[in-house]
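# Report on the structure
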Amino acid sequence: DRKYILVNGAEGSYLLSRQAPSKVLQQLHTDVYGAKILFHSPYLYLCTKRGLTVLPYNRLATAANLSGISPRFTNAGEPDPLLSIAQAPDSSIWVATGNKLYRIADTSRVRQQQFGALSLREFIFTKHALVGYTFDNKLVIAHRYNSPSVQLDYVPENDAVWNKFYPLNDSIVILSAN
């Protein structure tokens with residue numbers, strides 16, 4: 001979300017307003033290096049390696065006191081950190097760990113068993129598919145991702161090192177490479 005800035009400081013991490021960067025909206029008790037931000041009303045999701053922090057957007061917008069807010073979905077008990085977050089066309093929020101995909105449902109996360117132990121470093125949704133790449137640099141396209149019979153297509157091995165997704169619209173994504 002372009003309205004906010006995440007910074008690591010000597011005494012912790014902070015969420016700042018881009019309009020008033022000297023004003024701390026929230027001190028976070030996690031390292032925000034490499035964090036990803038996703039806004040889905042009424043929440044602002046911060047995906048860090050230690051967990052998923054869910055902040056109530058209306059309290060941020062009014063600069064109300066945010067003390068006492070902690071990560072809603074921590075990675076306790078998981079051997080792998082949270083890696084990425086994306087919003088599906090049905091507005092659901094998905095997070096990837098080192099070897100699992102979860103869909104956020106209300107106040108809990110639901111493992112997406114149809115993906116097995118697929119490890120996605122980054123991913124994005126298009127209108128009809130989930131597109132991501134793995135740690136060993138395989139590009140994966142998942143059709144029927146909400147179905148128990150998900151269809152996974154892999155781009156053949158090549159020398160490309162996948163980098164960043166650039167969605168053009170709900171059906172077309174450009175993926176940068178080396």
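Above this text is the structure in question.
The text that follows walks through the structure, step by step, so that each part is easy to find. The structure displayed is predicted, hence computed values, not measured ones. (Residues numbered from 1 in each chain as written. Predicted model: local features only at pLDDT ≥ 70, side-chain atom pairs only at ≥ 80, totals over all residues. Heavy atoms only, no water.)

Its location among the elements puts V95 in strand β9 (residues 93-97). A residue is classified by how much of its surface remains accessible, and V95, at 2% relative accessible area, is buried. Remark: the alpha-carbon pair of V95 and V110, spanning 15 residues in sequence, is separated by 9.9 Å. (Helix = DSSP H or I, 4+ residues; strand = E, 2+ residues; numbered from the N terminus. Buried < 20%, exposed > 50% of the residue type's maximum accessible area, 1.4 Å probe, protein only.)

Looking now at the nonpolar core. Nonpolar side chains in soluble globular proteins tend to be buried together. Counting residues in each nonpolar core, the largest one holds 15 residues, and the members touching the most others are W94, F115, F123, F125, L130 and Y145. At the level of secondary structure, the elements contributing two or more residues to this core comprise β9, β12 (120-125) and β14 (139-143). Take this core: its biggest share by element is 3 residues, from β12. Beyond its immediate stretch of four places on either side in the chain, F125 contacts A86, Q87, A88, P89, W94, L130 and Y145. With 10 residues, the next largest nonpolar core counts L38, L52, I93 and I104 among its residues. (Core = buried A, V, L, I, M, F, W, Y, C linked by side-chain atoms within 4.5 Å. Contact = heavy atoms within 4.5 Å.)

Next up on the list: the packing of aromatic side chains. On inspection of all chains with the given rule, the structure shows 6 aromatic pairs. Here W94 and F115 contribute two aromatic rings whose centre-to-centre distance is 6.2 Å and whose plane-to-plane angle is 90°, an arrangement assigned as edge-to-face. Placement of W94 in strand β9 and of F115 in the loop between β11 (108-111) and β12 is noted, with a sequence separation of 21 residues between them. For the pair shown, W94 and F115 are each scored as buried. Consider the rings of Y133 and F165, whose centres lie 5.9 Å apart with planes at 35°: the pair is tilted. One end of the pair, Y133, is in strand β13 (residues 129-134); the other, F165, is in strand β16 (residues 162-167), and 32 residues separate them in sequence. Put simply, the rings of W94, F115, F123, F125 and Y145 touch in pairs and so form one group of aromatic residues. (Phe/Tyr/Trp six-rings, centres within 6.5 Å; stacked < 30°, edge-to-face > 60°.)

Whenever strands of a sheet pair, they do so through backbone hydrogen bonds, lying parallel or antiparallel. Read from one edge of the open sheet, 4 strands run β12-β13-β14-β15, paired in antiparallel fashion. Strand pairing shows two members of the sheet lacking a second neighbour, β12 and β15 (151-154), which therefore form its edges. The average undirected angle you get between the axes of adjacent strands in this sheet is 25°. As paired elements, β13 and β14 share 5 bridges and run antiparallel to each other. The partner of V131 across the bridge, within β14, is I141. (Pairing = 2+ DSSP bridges. Axes fitted to C-alpha atoms, helices over the stretch in contact; angles between N-to-C directions.)

Turning to the pattern of salt bridges, a few remarks are in order. Scanning the model with the defined rule gives 2 salt bridges in all. Between R103 and D90 there is a salt bridge whose closest N-O contact spans 2.6 Å. Taken together, the positions of R103 in strand β10 (residues 101-105) and D90 in the loop between β8 (82-87) and β9 put the pair 13 residues apart, joining distant regions of the chain. Given the relative accessible area of 27%, R103 is considered partly exposed. Look at D90 and you get partly exposed, because its relative accessible area is 40%. Between K138 and D136 there is a salt bridge, with the nearest N and O atoms lying 3.8 Å from each other. Residue K138 is classed as partly exposed on the basis of its relative accessible area of 30%. (Salt bridge = Lys/Arg side-chain N within 4 Å of Asp/Glu carboxyl O.)

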